[in-house]
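# Secondary and tertiary structure notes
Read off the chains here:
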Number of protein chains: 4
Amino acid sequence: MILVMQEGATEEQVQDVIDRMVDLGFTVHRSTGVVHTVLGGVGPEEAVNPADFEEMAGVKQCRRITSRYKLAGRPFRPAGTQVKAGNHLVGGSALWICVTVSGASPAQLETLAPTLAAVGVAALRVRTPLRANDETLQAAQRAAAAHGLSLVLEVSESTEIGLADWYAGMLAVPGRSMWQRGLLEELGRLRKPVLLERSNAATVEDLLISADAILRGGNYDVMLCESGIRTFVTAQNTMDLALIPVAKKYSHLPVLVDPCLGTGRRGMAPAMARAAVAAGADGLSLDIHPGSESSAAAQALLPAQLMPLLTEVRAIASAIQRST
Amino acid sequence: MILVMQEGATEEQVQDVIDRMVDLGFTVHRSTGVVHTVLGGVGPEEAVNPADFEEMAGVKQCRRITSRYKLAGRPFRPAGTQVKAGNHLVGGSALWICVTVSGASPAQLETLAPTLAAVGVAALRVRTPLRANDETLQAAQRAAAAHGLSLVLEVSESTEIGLADWYAGMLAVPGRSMWQRGLLEELGRLRKPVLLERSNAATVEDLLISADAILRGGNYDVMLCESGIRTFVTAQNTMDLALIPVAKKYSHLPVLVDPCLGTGRRGMAPAMARAAVAAGADGLSLDIHPGSESSAAAQALLPAQLMPLLTEVRAIASAIQRST
Amino acid sequence: MILVMQEGATEEQVQDVIDRMVDLGFTVHRSTGVVHTVLGGVGPEEAVNPADFEEMAGVKQCRRITSRYKLAGRPFRPAGTQVKAGNHLVGGSALWICVTVSGASPAQLETLAPTLAAVGVAALRVRTPLRANDETLQAAQRAAAAHGLSLVLEVSESTEIGLADWYAGMLAVPGRSMWQRGLLEELGRLRKPVLLERSNAATVEDLLISADAILRGGNYDVMLCESGIRTFVTAQNTMDLALIPVAKKYSHLPVLVDPCLGTGRRGMAPAMARAAVAAGADGLSLDIHPGSESSAAAQALLPAQLMPLLTEVRAIASAIQRST
Amino acid sequence: MILVMQEGATEEQVQDVIDRMVDLGFTVHRSTGVVHTVLGGVGPEEAVNPADFEEMAGVKQCRRITSRYKLAGRPFRPAGTQVKAGNHLVGGSALWICVTVSGASPAQLETLAPTLAAVGVAALRVRTPLRANDETLQAAQRAAAAHGLSLVLEVSESTEIGLADWYAGMLAVPGRSMWQRGLLEELGRLRKPVLLERSNAATVEDLLISADAILRGGNYDVMLCESGIRTFVTAQNTMDLALIPVAKKYSHLPVLVDPCLGTGRRGMAPAMARAAVAAGADGLSLDIHPGSESSAAAQALLPAQLMPLLTEVRAIASAIQRST
């Protein structure tokens with residue numbers, strides 16, 4: 001930790017700060033300059049909020065040196081992580097494609113699964129209430145299994161993990177639940193891949209801290225997923241595709257992109273899907289509307305859009321030598 | 001709902017849109033202009049996402065007319081709501097003051113409670129893990145009861161409601177949990193006041209939709225609380241004090257402000273507390289550090305700051321004739 | 001314009017609103033519903049700020065139907081605009097590449113120009129103070145001309161246009177100057193291409209309104225350029241690549257992307273350059289550092305990065321059939 | 001400057017960084033830790049962009065220690081600055097009130113001036129095109145002089161300064177022009193007060209850097225003005241009232257607030273005006289509509305709102321002992 005005192009800070013103020021650092025277990029190195037006194041501290045940085053020091057009298061700024069996540073950090077696995085999800089590897093040379101459907105009937109799921117498998121989709125995500133002995137969930141499980149797809153279900157509270165674990169091969173945490181510490185800790189005890197979506201108010205550091213909470217429980221199969229941030233631009237989200245190179249610099253975990261949630265618009269999602277792959281994403285999460293065209297939600301791609309889009313993104317992946 | 005077709009939209013596109021509206025239960029009124037065709041629809045707006053229409057071919061824009069919240073809206077109770085919280089009224093002429101302590105020991109809670117009561121604080125909020133037969137929680141309950149304070153506890157998941165309800169007189173939803181639909185629905189079944197904090201990524205509409213989810217369950221004792229939004233300005237939150245007049249225009253619910261969470265800084269919180277009261281807030285939620293000065297968290301006021309601040313904000317309330 | 005009255009608005013309030021609309025030249029159509037009265041107005045929308053009506057008593061919301069830009073809008077030229085810039089077409093099948101250097105010496109410019117031309121760069125942008133008889137500007141002009149590059153210079157105030165016009169074949173408006181109405185109007189009188197950068201606080205509508213101000217003067221050769229927006233994510237800018245499909249939907253003007261300014265980081269710019277092309281950008285604006293590696297600014301690519309990056313983005317363009 | 005090397009940075013990388021620092025004139029102190037090597041540098045920090053170092057191989061983070069503004073910083077004048085504006089002091093015990101009118105006729109200005117003077121307004125700001133021998137500007141000058149008001153005019157380009165200086169007693173820089181370096185330098189050569197508005201995309205540091213550019217020219221009479229920032233909340237601006245305590249901590253310059261521009265809404269401005277004064281603002285800038293009620297712009301207060309608002313804000317100022 002590095003702490004800079006204000007111009008004109010008194011010796012007593014410097015001493016108060018040093019005392020607090022020592023109390024917290026830091027070894028302090030002091031450097032007295034013409035204008036500013038600088039204190040370097042080696043110790044339990046992760047347990048300290050630098051802002052707490054910045055509110056002490058005479059302190060100008062205080063910064064961490066070490067990261068607030070360890071296991072999610074790139075130095076932990078410099079070569080990168082590949083997550084085994086069913087028959088597929090996420091973070092390998094092939095693009096991993098997950099398709100999400102909302103409110104589909106059992107019959108629709110049975111029709112959809114072979115179509116998806118045929119175009120190389122690896123996972124099927126179903127948005128539906130989690131219930132024991134539920135017909136839709138059973139149909140989803142059967143359809144996924146029959147066609148080699150991983151079934152993905154969402155969990156927002158820790159109490160939902162049991163049921164989701166029963167049905168699914170992979171669990172997804174929606175962005176809004178990314179901050180629920182109890183949920184993350186429970187997921188750390190699972191031995192199943194977790195798709196962790198970025199909250200629309202989260203920085204990359206926030207996201208890696210949440211991932212770290214899962215990894216610390218011993219579950220290393222975590223995938224990150226960019227799905228848009230809240231900005232002044234629009235009532236919808238803004239896609240922050242720079243997350244891809246940034247997360248890959250700071251972390252070893254695979255990075256996915258959800259251009260449907262991230263833009264909220266079927267009309268913009270294909271362009272952002274192509275951009276994501278060109279920027280180095282390890283895969284895509286795409287919403288598909290299973291029913292008739294005139295009832296599709298704004299963010300859901302029409303089935304007819306899927307095949308051409310997958311052809312395009314694979315051509316891009318190949319153009320940047322991803323698959324070699 | 002009002003829907004504007006693009007310049008040059010075809011008759012077939014107009015018809016597709018009308019068909020979808022009618023299917024959803026809308027009565028449609030069509031107005032054909034020189035440049036734009038406009039469709040007005042009366043029907044189940046709350047069940048429709050206007051973006052779904054905007055992604056249909058030929059549609060330029062689609063807007064709701066009615067609000068997405070009914071019970072939380074001002075027209076439901078034009079005169080405003082007063083929430084009875086213990087011996088106090090929130091939304092009445094007196095400022096309601098809630099003080100939060102984190103990680104306090106039973107002994108500290110016992111010392112703090114009479115001090116707070118003596119300066120007119122109405123509620124004591126304790127941040128501590130929820131556990132049955134927990135010594136700290138029991139001490140908090142005793143101390144609050146002995147001095148006429150409402151005890152406030154936080155709930156992040158619906159499973160925590162039982163214990164919180166057992167100990168506390170009021171439940172608080174932290175901003176990050178404001179989106180958890182299941183939690184809000186459970187709180188609607190309680191008959192205890194709920195303090196609903198605004199997520200740092202929520203608009204006022206988002207907040208009122210969440211409040212509505214509690215009210216729909218029959219629990220009308222909901223207080224809104226501004227606690228900062230995420231902007232480009234700072235790693236901390238930015239206080240959006242304009243929420244006060246805006247929420248009061250659109251809703252009948254009392255509006256509180258938490259300047260400690262909202263700024264994350266003891267040095268900025270008093271100015272924002274004064275500003276909040278001057279802008280018409282019904283009360284304040286303030287963090288206090290119970291221990292020695294040199295260990296206080298950045299956002300926690302020192303006990304010595306409390307009394308002068310309360311004197312100031314009451315003088316301001318009186319200057320704007322709040323208490324008459 | 002469409003105006004919705006509040007629930008319970010009085011007849012007098014409705015009449016006041018109608019009177020103001022009529023005074024402003026609108027023909028008003030009234031529709032009285034069970035809950036809301038809706039007023040539709042046909043008239044001079046572009047001269048009206050809907051917020052002015054929303055502050056009138058009894059008004060719930062007021063929205064424009066027509067766009068605030070006409071000439072920059074897609075319906076004005078449905079097939080899209082191609083801007084002729086020297087020997088190149090921006091918005092054509094080939095990617096247009098502009099390279100920017102800051103603080104280069106005349107000798108460096110002379111060395112750089114043939115290298116850039118050799119790899120297919122179309123334009124050279126030089127950041128240097130504008131001065132008459134300036135050696136650097138003369139060298140830039142000579143070097144650009146000798147190698148078939150368009151010389152691009154920046155203008156921030158209308159008084160700079162004369163000199164920039166003298167030296168350059170194209171003028172660039174930095175994002176921060178995008179709002180200067182006088183500057184835009186002067187540029188409308190030029191007959192030279194203008195590269196209009198998006199301010200980091202501008203929506204796509206803001207950008208198209210600024211472009212419109214140039215087009216209205218009769219200068220139709222305007223290119224839009226995304227160069228990052230200010231969000232909570234980082235002290236740098238966040239690239240908003242969704243601007244590409246959005247601007248192409250609403251406007252006929254070519255869309256460029258500046259991934260160097262937009263990320264502020266050499267390490268992130270190549271990924272964003274690839275993403276931009278995959279998303280459909282018509283070209284790229286790239287910062288290059290002309291001197292030795294150890295003195296490069298954070299956002300400037302090293303010369304050795306340029307050639308591989310151009311190879312990659314062309315492969316992507318070809319993968320999505322841009323060049324056919 | 002403090003620079004932290006990445007975990008595992010090579011000795012060669014460390015040496016490259018040290019070489020660049022020394023080349024730039026820094027004296028470097030090296031501290032080799034178990035995990036991170038830290039380099040402290042004393043030298044010309046203001047001329048260096050820390051991001052430039054962060055893009056060098058092996059560097060984790062780089063931070064300035066000294067501020068990027070000197071003359072605008074609090075240590076330059078710890079007791080604070082009072083700006084003499086006509087007969088009034090800005091930053092003194094009395095609240096300084098400036099009223100802005102747009103598009104007023106000469107007759108309206110003559111009527112308005114005595115009314116404003118009578119309720120203690122100190123300055124009249126007129127939004128009108130700057131032209132020599134202009135009737136409106138002459139009327140504004142006469143009316144202001146006759147009633148002891150400072151006349152304030154806006155300048156967006158440096159070429160406008162001459163005329164504005166001729167007519168006005170104070171110059172205002174609208175937020176959008178806050179970044180124009182040439183304009184700020186010219187204003188530094190004036191000997192007249194400058195009201196510097198914050199851009200809606202500026203941090204407090206950005207604002208103080210712009211103020212510094214004026215002060216460096218020898219013009220110390222600069223007032224800062226918060227007028228709203230762009231966030232996800234609304235198409236309008238969000239008021240960032242925390243700027244008041246923050247700017248007062250870091251700078252000695254007076255801080256004003258413009259609640260009309262900052263909210264864009266007559267209905268929200270009074271609450272924010274009260275809040276600003278309670279938070280410690282030195283004054284207010286308020287839009288007034290001079291004509292009939294039914295034609296007022298959304299952000300302009302009606303004349304009838306002014307007097308009660310001034311009474312309220314003065315009562316608040318008095319409640320917090322501002323005027324004693």
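Residues numbered from 1 in each chain as written. Chains lettered and ligands numbered in written order. Predicted model: local features only at pLDDT ≥ 70, side-chain atom pairs only at ≥ 80, totals over all residues. Heavy atoms only, no water.

### Description of the sheet that holds strand β4 (residues 59-63) of chain D
Residues and elements named next belong to chain D. Our working rule: Pairing between strands is defined by DSSP: at least two bridges between the two strands are required. Under the DSSP-based scheme used, a helix requires at least four consecutive residues in state H or I and a strand at least two consecutive residues in state E, with every element numbered from the N terminus. Axes, fitted as lines to C-alpha atoms, cover a helix only where it is in contact. Angles between the N-to-C directions of the axes lie from 0 to 180 degrees.
Ordered by their spatial adjacency, four strands build an open sheet running β2-β3-β1-β4, and the pairing between neighbours is antiparallel. Strand pairing shows two members of the sheet lacking a second neighbour, β2 (27-32) and β4, which therefore form its edges. Taking each pair of neighbouring strands and ignoring which way they run, the sheet shows an average axis angle of 15°. Relative to strand β3 (residues 37-42), β2 is paired through six bridges, and the arrangement is antiparallel. Its bridge partner being in β3, T27 is matched across the sheet by V42.

### Description of the packing of aromatic side chains
All names here are of chain A. Short version of the rule: When two rings of Phe, Tyr or Trp (its six-membered ring) have centres within 6.5 Å they constitute a pair, described as stacked for plane angles under 30 degrees, edge-to-face for angles over 60, and tilted for the intermediate range. Think of it in three bands: residues with accessible area under 20% of the maximum for their type are buried, residues over 50% are exposed, and the middle band is partly exposed, with areas taken using a 1.4 Å probe on protein chains only. Here, a charge over a ring is recorded when the distance from Lys NZ or Arg CZ to the ring centre is within 6 Å and its angle to the ring normal is within 35 degrees.
Tallying each qualifying case throughout the model produces four aromatic pairs over all chains. Aromatic pair F76 and Y220: ring centres 6.1 Å apart, planes at 25°, arrangement stacked. With F76 in the loop between β4 (59-63) and β5 (83-85) and Y220 in the loop between α7 (204-215) and β12 (222-226), the pair connects residues that are 144 residues apart, well separated along the chain. Residue class for Y220 comes out partly exposed when judged on its relative accessible area of 30%. The side chain of R20 reaches across the aromatic face of F53, ending 5.2 Å from its centre.

### Focus on the interface of chain A and chain C
Which entries qualify depends on this criterion: We call two residues in contact when some of their heavy atoms are within 4.5 Å. When two parts are brought into contact, each loses some accessible area as probed by a 1.4 Å sphere; the total of that loss over both is the buried area. One speaks of a salt bridge when a side-chain nitrogen belonging to Lys or Arg is within 4 Å of a carboxyl oxygen belonging to Asp or Glu. Polar contacts, as used here, are pairs of N or O atoms within 3.5 Å; protein pairs need one atom able to donate a hydrogen and one able to accept it. Residues neighboring in sequence count only if both atoms are side-chain atoms.
At the interface, 30 residues of chain A touch 30 residues of chain C. For the chain A face of the interface with chain C, the top three residues by lost area are F232, V233 and M268 of chain A, together amounting to 21%. Here chain A is connected to chain C by zero salt bridges. At the junction of chain A with chain C, the criterion picks out two residue pairs in polar contact (both at pLDDT 80 or more). Secondary-structure elements contributing two or more residues to the side of chain A that touches chain C are α8 (243-250), α10 (269-278) and α11 (303-319) of chain A. Considering each element in turn, the side of chain A that touches chain C owes the most residues, five residues, to α10 of chain A.

### A look at the side chain of H36 of chain B
Tracing the chain through its elements places H36 of chain B in the loop between β2 (27-32) and β3 (37-42). There is a polar contact of 2.9 Å between the side chain of H36 of chain B and the backbone oxygen of M5 of chain B. Filtering out sequence-adjacent residues up to four positions away, H36 of chain B remains in contact with V4, M5, Q6, E7, S31 and K60 of chain B together with I65 and T66 of chain C.

### Details of the relation of the copies chain D and chain A
Formally: A residue counts toward the fit only if its pLDDT is at least 70 in both copies, and the copies are then superposed by least squares on the C-alpha atoms of those residues.
For these two chains of identical sequence, chain D goes onto chain A by a turn of 180° and a shift of 0.0 Å along the axis, with RMSD 0.0 Å. Considering both components of the superposition, the chain copies are consistent with a two-fold axis. When each C-alpha of chain D is compared by its distance to the rotation axis, F232 of chain D comes out closest, at 2.0 Å. Comparing contact sets, 100% of the residues at the interface of chain D also lie at the interface in chain A, consistent with an isologous, same-surface contact.

### Quick notes on the packing of helix α10 (residues 269-278) of chain B against helix α10 (residues 269-278) of chain D
What counts, and what does not: What sets the label is the angle itself: under 35 degrees gives roughly parallel, over 145 gives roughly antiparallel, 65 to 115 gives roughly perpendicular, and the rest give oblique. The hand of a helix crossing depends on one turn: near helix anticlockwise from the far one by less than a right angle means left-handed, and clockwise means right-handed. The nonpolar class holds Ala, Val, Leu, Ile, Met, Phe, Trp, Tyr, Cys and Pro. Asp, Glu, Lys and Arg form the charged class, and all remaining residues, Gly among them, are polar.
Close contact between α10 of chain B and α10 of chain D brings their axes to 7 Å; oriented N to C, the two are set at 150°. By the angle between their axes, α10 of chain B is roughly antiparallel relative to α10 of chain D. The interaxial crossing formed by α10 of chain B with α10 of chain D has right-handed handedness. Only A271, R274, A275 and A278 of chain D of α10 of chain D make contact with α10 of chain B, whose side of the interface consists of A271, R274, A275 and A278 of chain B. Among the residues forming the contact of α10 of chain B with α10 of chain D, the class breakdown is six nonpolar, no polar and two charged.

### Concerning the side chain of K192 of chain C
All names here are of chain C. Within the element layout of this structure, K192 appears in the loop between α6 (181-189) and β11 (194-197). Reaching out from K192, the side chain makes a polar contact with the backbone oxygen of A168 at a distance of 2.8 Å. Setting aside anything within four residues of it in sequence, one finds K192 in contact with D165, A168, G169, L171, N219 and D221.

### Here's the deal with the domain arrangement of chain A
This is how it is decided: Domain start and stop points were drawn from an automatic or database domain assignment.
Taken domain by domain, chain A holds domain 1 (2-66) and domain 2 (83-319). For domain 1 of chain A and domain 2 of chain A, the distance between their C-alpha centroids amounts to 43 Å.

### Section: the sheet that holds strand β2 (residues 27-32) of chain C
All names here are of chain C. Across the sheet, which stays open at both edges, the four strands sit in the order β2-β3-β1-β4 with antiparallel pairing between neighbours. Two strands close off the open sheet at either side, each with one partner strand: β2 and β4 (59-63). Strand-to-strand twist across the sheet, computed as the mean angle between neighbouring axes with direction ignored, equals 15°.

### What to know about unusual backbone geometry
For N133 of chain A, which is not glycine, the phi dihedral falls at a positive 55°. Looking at the secondary structure, you find N133 of chain A in the loop between β8 (123-127) and α4 (135-146).

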